[in-house]
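Observations on the three-dimensional arrangement
Here are the chains, one letter per residue:
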Amino acid sequence: MVMAIVIVLLVVGSVLFHLLSPWYLTPIASNWTTIDDTISITFWVTGSVFVAVNLFMAYCVVRYRHKKGSRADYEPENKKLEGWLIGLTTLGIVAMLAPGLAVWAKFVDVPKDAAVFEAVGKQWHWSYRFPGKDGVLGSVDARHISDKNPFGINPDDPFGKDDVLITSPEVHLPVGKPVKALLRSIDVLHDFAVPQFRVKMDLVPGLVTYLWFTPTRVGKFDLLCEELCGTAHFTMRGKVVVDEERVFQEWLSSYPTFAQSLAKVPGDADAGKPLYAVCGACHGAQGEGNVAMNAPKLSGQGDWYLKRQLISFKHGARGTHERDLYGKQMAPMAATLADDVAINNVVSYIGTLPDSPAPPTLKDNASNGRNLYVSCGSCHGSDGRGIQATNAPRLAGMSDWYMVTQLRNFKHGIRGAHPKDMYGPQMASMAAILADDQTTNDLVAYINTLK
């Protein structure tokens, strides 16, 4: 009897939890209410079976409990019972699968007026491509992928010249218009999933998969990779921002086309030399860094990374947090660079400076840091030389005290939390795995051993 009561209470509690729980599907933000309908049908079918089976089991525990002197009847076959079971099971399966087939038919039938964009996944970030005025995306091939052409666009394809390249994990879409997302992976399996849109699809290396949806309300939504794609899978996040048409067009026009990215004029080191005089006051005449001035080594660092950080300081994505004392010093210095041309010039000059390893200042346990660096090496490279494709700067030979400071800043939300910092949140998530200051010191001590 006790067992029967427990089973009944389990059934009642499960039903009440489902009906009264505040945790359910997020408010929908696309046209795919049919997905919610199929999920509800599945809940009703499986829930009904769960209730029926468990209540029947509770009934059997009471009705056929052991009685002294009674014997169970042996009945190996019961065609009537088997017929009922087969019939009810068939109805349940059909009730769950048939709506899904109908929804799938709509899922693969993209509206003819749907706009097209491409989402590209790579460990561990997102980037996007939109067609230009010709409305056609250029062809791509893995053989064309390089630091200057991360999308692998065929440079000989005229349709690709005006493609708009979004090298940011945040993508904008217009509200109320159907869009088809072409999904392409550069390396391993990824998955494009926005919970509020109710649709998701894997990105398969060597294939172009797709999904379509119509955003129905303005807002900012989290884009998640829901396919285990490596050690930093949990940091592979992006944003989908749904805008009014005018705002969307303004955003899209702020990014370069493929032709414009190829035509960028390299910086002029000679023009950057006088601009560097301001930088050299703290970072040293040779870019060697100066711990007394809280200025890290610059020489040898990737030019793409230096440009990005100068732009971040200049536009407030860095150096604005109240606890970032040294970032606040750097922000007004970056403001002395008038425009992107000036930034390119000064970075070009830094590239001419001798690359001598920064003297180590840590004497912590590098052996303990070796295993910790495995996760870091996935992005920054096993040799710590940095990988532009993963937006990871060089670490080997750079200022160790600066790395310690920045890891602590990321860990405590001083850096990487600004809404304009597109790449900081990923690093903040990684820094969170460092348990304490000693762990951080051991990790950086190991980085000092990289040559």
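Residues numbered from 1 in each chain as written. Predicted model: local features only at pLDDT ≥ 70, side-chain atom pairs only at ≥ 80, totals over all residues. Heavy atoms only, no water.

Topic: the overall build of the protein
- Across its full length, the protein carries 13 helices and 10 strands.
- Along the three orthogonal principal directions, the C-alpha set of the protein runs to about 100 × 60 × 40 Å.
- Across the 451 residues in the protein, those meeting the buried criterion constitute 41%.
- Looking at the protein alone, contacts between residues at least 24 apart form 71% of all its contacts between residues at least 6 apart.
- Entry remark: accessible area of the protein is about 24,900 Å², with carbon and sulfur atoms responsible for 62%.
- Taking the average place of the 43 positive charges on the side chains of the protein and the average place of its 43 negative ones, the gap between the two points comes to 5 Å. (Helix = DSSP H or I, 4+ residues; strand = E, 2+ residues; numbered from the N terminus. Buried < 20%, exposed > 50% of the residue type's maximum accessible area, 1.4 Å probe, protein only. Contact = heavy atoms within 4.5 Å. Areas by Shrake-Rupley, 256 points an atom, 1.4 Å probe, with all protein chains shown as cover. Lys, Arg positive; Asp, Glu negative; His and termini not counted. Charge placed at Lys NZ, Arg CZ, Asp CG, Glu CD.)

Considerations on a nonpolar patch on the surface
- A cluster of nonpolar side chains, namely Val8, Val12, Val15, Leu16, Leu19, Leu20 and Leu55, defines an oily patch on the protein surface of about 600 Å² accessible area.
- Among the elements that line the nonpolar patch, the one with the most residues is helix H1 (residues 2-20), at six residues.
- If you trace the backbone, Leu19 turns up in helix H1.
- A residue is classified by how much of its surface remains accessible, and Leu19, at 58% relative accessible area, is exposed. (Patch = residues over 30% accessible without salt bridge, like charges linked within 9 Å, V, L, I, M, F, W, Y side chains within 5 Å. Salt bridge = Lys/Arg side-chain N within 4 Å of Asp/Glu carboxyl O.)

Concerning the nonpolar core
- Grouped together as the largest cluster of nonpolar side chains are 43 residues, with contacts concentrated most on Phe117, Tyr128, Phe130, Phe192, Phe197 and Leu211.
- Beyond its immediate chain neighbours, meaning those up to four positions away, Phe192 contacts Ala119, Trp126, Leu183, Val199, Lys200, Met201, Leu203, Leu211, Leu223 and Leu224.
- Formed by 19 residues, the second largest nonpolar core is a distinct cluster that contains Ala366, Met398, Ala428 and Leu434. (Core = buried A, V, L, I, M, F, W, Y, C linked by side-chain atoms within 4.5 Å.)

Regarding the sheet that holds strand E3 (residues 164-166)
- Ordered in space as E3-E2-E1-E5-E8, the five strands form an open sheet in which the pairing is mixed. In the strand order of this sheet, the two ends are held by E3 and strand E8 (209-213), each with one partner. Direction aside, neighbouring strands of the sheet carry axes that sit 25° apart on average.
- Pairing analysis gives seven bridges linking strand E1 (residues 115-122) to strand E5 (residues 179-185), with the strands arranged parallel. Its bridge partner being in E5, Glu118 is matched across the sheet by Leu182. (Pairing = 2+ DSSP bridges. Axes fitted to C-alpha atoms, helices over the stretch in contact; angles between N-to-C directions.)

So, the packing of helix H11 (residues 400-411) against helix H12 (residues 424-431)
- Between H11 and H12, whose axes approach to 8 Å, the crossing angle comes to 95°. When the axis of H11 is compared with that of H12, the two are roughly perpendicular. Every residue of H12 that contacts H11 at Leu407, Phe410 and Lys411 is listed here: Gly424, Met427, Ala428 and Ala431.
- Among the residues making up the contact of H11 with H12, the classes are represented as five nonpolar, one polar and one charged. (Parallel < 35°, antiparallel > 145°, perpendicular 65-115°, else oblique. Nonpolar A, V, L, I, M, F, W, Y, C, P; charged D, E, K, R; others polar.)

Description of unusual backbone geometry
- Residue Trp124 is reached from Gln123 by a cis peptide bond, and omega for that bond is 0°.
- Inspection of the secondary structure assignment puts Trp124 in the loop between E1 and strand E2 (125-130).
- Phi is positive for Asn391, close to 60°, though the residue is something other than glycine.
- With respect to the helices, strands and loops of the structure, Asn391 is situated in the loop between helix H10 (366-380) and H11.
- You can call Asn391 buried: its relative accessible area is 17%.

A look at H10
- With 15 residues, H10 ought to run about 21 Å at 1.5 Å a step, yet its terminal C-alpha atoms sit only 17 Å apart, falling short of that.
- At Val374, H10 shows its strongest bend, of approximately 45°.
- Listing the buried residues of H10 in full gives Ala366, Gly369, Tyr373, Cys376, Gly377, Cys379 and His380.
- Buried residues in H10 make contact with helix H13 (437-447).
- The opening residue of H10, the one whose side-chain oxygen lies 3.0 Å from the backbone nitrogen of Ser367, is Asn365. (Expected span 1.5 Å × (residues − 1). Bend = angle between axes of the 7 residues up to and from the residue. Polar contact = N/O pair within 3.5 Å; in protein donor to acceptor, adjacent residues only side chain to side chain.)

Some points on the packing of aromatic side chains
- Under the counting rule described, the total for this entry stands at 19 aromatic pairs.
- Each ring, one from Trp104 and one from Phe107, has its centre 5.2 Å from the other, and the planes form 15°; the classification is stacked. Here the residue Trp104 and the residue Phe107 both occupy positions in helix H3 (residues 79-107), the gap between them amounting to three residues, near one helical turn.
- Look at Trp104 and you get partly exposed, because its relative accessible area is 49%.
- Look at Trp126 and Phe192: their rings are 5.7 Å apart centre to centre, the planes differ by 90°, and that puts the pair in the edge-to-face class. Here Phe192 lies in strand E6 (residues 190-193) and Trp126 lies in strand E2, a separation of 66 residues in the sequence.
- Under the relative-accessibility criterion, Phe192 is labelled buried at 2%. (Phe/Tyr/Trp six-rings, centres within 6.5 Å; stacked < 30°, edge-to-face > 60°.)

Side note on the packing of H10 against H13
- Where H10 contacts H13, the two axes come as close as 7 Å, and the packing angle between them is 85°. Considered as vectors, H10 and H13 are oriented roughly perpendicular to each other. Along its contact with H10, which presents Ala366, Asn368, Gly369, Arg370, Leu372, Tyr373 and Cys376, the element H13 presents Thr439, Asp442, Leu443, Ala445, Tyr446 and Ile447.
- Looking at side-chain class alone, the contact of H10 with H13 contains eight nonpolar, three polar and two charged residues.

Purely spatial values, then, with no claim about function.
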